[in-house]
Amino acid sequence: MELAIENMRKSGLAKADKKAGRVAAEGAIGIKASDDGKTVVMVEINSETDFVVKSDDFKGFVDSVTAALLLSDIESVDQIDDMVLASGDTVDTTRRALIAKVGENISVRRIEKYLNVDGGTACYLHGGKIAVIIELAKNDAELGKDIAMHIAAVNPDYVSVDQVSEEVIEKEKEIFTAQALDSGKKPEIVEKMITGRIKKFLSEITLEGQSFIKDDKMTVAQLIKSKDNAVVRFTRFE
């Protein structure tokens, strides 16, 4: 009986290897914060179809990997295969067994971990498909959730203007200049147009410059300032 079980496990692992090259484009995101709010983790795990994503086995795998990641010292997805889950098995062994059971390729695509932050953290998960974790200068659960929801919906690229490189700004200036010159307007008018377009562009791609989704009469920067806080960083998975 033990030999039969061993052979079945070997067969399952062989099947998992054969499926490794197949595209896993569906998936779900796991997210979890420590009780003290100082550490927060996020992990994306992919499968081939949404049918498998909705299965209890897949959901259980996502939950177990997320929970183990929060308690581990792992900070890179390259280390994830050898991480031991609560079951006592590694991620890789569990993943391969799941592949053999469901018949689809499954992969841990990426992780993000904010570890022992000085201020506070917040996280938000939307339908298992979009997730955000953020670090605040000071702990504020309500503000953190509001901003995380905003980031999930609006998808900014940066926290603030000072994070945008000169290269990005210059590239946009080139595009706007070409568009303005084609209109045949005078150089001084073109300069004012470009200044206005760059200002609008920066407000659209930065979190602080965007209108807050729950109250578009204020920017996110104004909301944060009213709470005497600051967003240190954020990460968004989709």
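Shown above is the structure to which this text applies.
Everything in this summary refers to the structure shown in the same document.

Criteria and cut-off values
- As a convention, each chain's residues are numbered from 1 in the sequence order in which they are written.
- Two thresholds apply to this predicted model, a pLDDT of at least 70 for residue-level local features and 80 or more for giving and counting side-chain atom pairs, whereas whole-chain, interface and lining totals are computed over all residues.
- Excluding hydrogens and water, the side-chain values take into account all heavy atoms of the structure.
- Secondary structure elements follow DSSP: runs of H or I of four or more residues count as helices, runs of E of two or more count as strands, with numbering from the N terminus.
- A helix's residues, less one, multiplied by 1.5 Å, set its expected span.
- Buried, partly exposed and exposed residues are distinguished by accessible area as a fraction of the type maximum, computed with a 1.4 Å probe on protein chains only: under 20%, between the cut-offs, and over 50%, respectively.
- The contact definition used throughout considers only heavy atoms, calling two residues in contact when any of these lie within 4.5 Å.
- Helix axes use the C-alpha atoms of the stretch in contact, all axes being lines fitted to C-alpha atoms, and the angles between their N-to-C directions lie in the range 0 to 180 degrees.
- For this classification, under 35 degrees means roughly parallel, over 145 means roughly antiparallel, 65 to 115 means roughly perpendicular, and everything else is oblique.
- Here is the rule for handedness: rotate from the far helix to the near one, and if that takes an anticlockwise turn smaller than a right angle the crossing is left-handed, while a clockwise turn gives right-handed.
- Polar here means any residue other than Ala, Val, Leu, Ile, Met, Phe, Trp, Tyr, Cys and Pro, which are nonpolar, and Asp, Glu, Lys and Arg, which are charged; Gly is therefore polar.
- Along the arc lie the directions from the helix axis toward the C-beta atoms.
- Here, a strand pair is defined by DSSP locating no fewer than two bridges between the strands.
- Centre distance within 6.5 Å is the pairing criterion for rings of Phe, Tyr and Trp, where only the six-membered ring of Trp is used; planes under 30 degrees apart are then read as stacked, over 60 as edge-to-face, and the remainder as tilted.
- A ring is considered to have a charge above it if a Lys NZ or an Arg CZ atom is located within 6 Å of its centre and within 35 degrees of its normal.

1. Structural notes on helix 3 (residues 56-71)
Thought 1: Over its 16 residues, helix 3 runs 23 Å from end to end, which matches the ideal 22 Å to within 8%, given 1.5 Å per residue.
Thought 2: Those residues of helix 3 not exposed but buried are Phe58, Phe61, Val62, Val65, Thr66, Ala68, Leu69 and Leu70.
Thought 3: Contacts made by the buried residues of helix 3 are with strand 1 (26-33), strand 2 (40-47), helix 2 (50-53), helix 4 (91-102) and strand 3 (107-114).

2. Some words on the packing of helix 6 (residues 166-182) against helix 7 (residues 187-205)
Thought 1: Their axes nearest at 9 Å, the elements helix 6 and helix 7 cross at an angle of 135°. Classified by the interaxial angle, the pair formed by helix 6 and helix 7 is oblique. In this structure, helix 6 meets helix 7 at a crossing whose hand is right-handed. Contacts from Val168, Ile169, Glu172, Lys173, Phe176, Thr177, Gln179, Ala180 and Leu181 in helix 6 reach Val190, Met193, Ile194, Arg197, Ile198, Phe201 and Leu202 in helix 7.
Thought 2: Along the lines of polarity and charge, the residues of the contact of helix 6 with helix 7 split into 11 nonpolar, two polar and three charged.

3. Things to note about helix 4
Thought 1: Over its 12 residues, helix 4 extends 16 Å from the first C-alpha to the last, a length consistent with the 16 Å expected when each residue adds 1.5 Å.
Thought 2: Along helix 4, the positions that sit buried rather than exposed are Val91, Asp92, Arg95, Leu98 and Ile99. End-on view of helix 4: buried residues confined to an arc of 125°, all on one side of the axis.
Thought 3: Taken from the residues just after helix 4, Gly103 is the one with a positive phi, measuring 80°.

4. Considerations on the sheet that holds strand 8 (residues 231-237)
Thought 1: The strand order 4-5-8 describes an open sheet built from three strands, whose pairing is antiparallel. Of all strands in the sheet, those bounded by a partner on one side alone are strand 4 (120-126) and strand 8. For this sheet the average axis-to-axis angle between neighbouring strands, irrespective of direction, equals 10°.
Thought 2: Running at roughly 135° to strand 5 (residues 130-136), helix 5 (residues 141-154) makes contact with strand 4, strand 5 and strand 8 of the sheet.

5. A word on the packing of aromatic side chains
Each aromatic ring pair is summarised here by two numbers: the centre-to-centre distance and the angle between the ring planes.
Thought 1: Applying the stated criterion to the full structure yields zero aromatic pairs.
Thought 2: Directly above the aromatic system of Tyr114 lies the positively charged group of Arg233, at a separation of 3.7 Å from the ring centroid.

6. A word on the environment of Val41
Thought 1: Relative to the assigned elements, Val41 resides in strand 2.
Thought 2: Put simply, Val41 and Lys214 are 173 residues apart on the chain and 26 Å apart in space, counted from C-alpha to C-alpha.
Thought 3: Each residue touching Val41, except ones within four places of it in the same chain, is listed here: Gly30, Ile31, Lys32, Thr66, Leu69, Leu70, Glu112, Lys113 and Ile133.

7. Considerations on unusual backbone geometry
Note: most peptide bonds trans; most residues except glycine with negative phi.
Thought 1: Despite not being glycine, Asn116 shows a phi value in the positive range, around 50°.
Thought 2: Counting through the fold element by element, Asn116 comes out in the loop between strand 3 and strand 4.
Thought 3: Taking relative accessible area as the criterion, Asn116 reaches 54% and is therefore assigned exposed.
Thought 4: The backbone phi angle of Asn155 is positive, close to 60°, even though this residue is not glycine.
Thought 5: With respect to the element layout, Asn155 can be found in the loop between helix 5 and helix 6.

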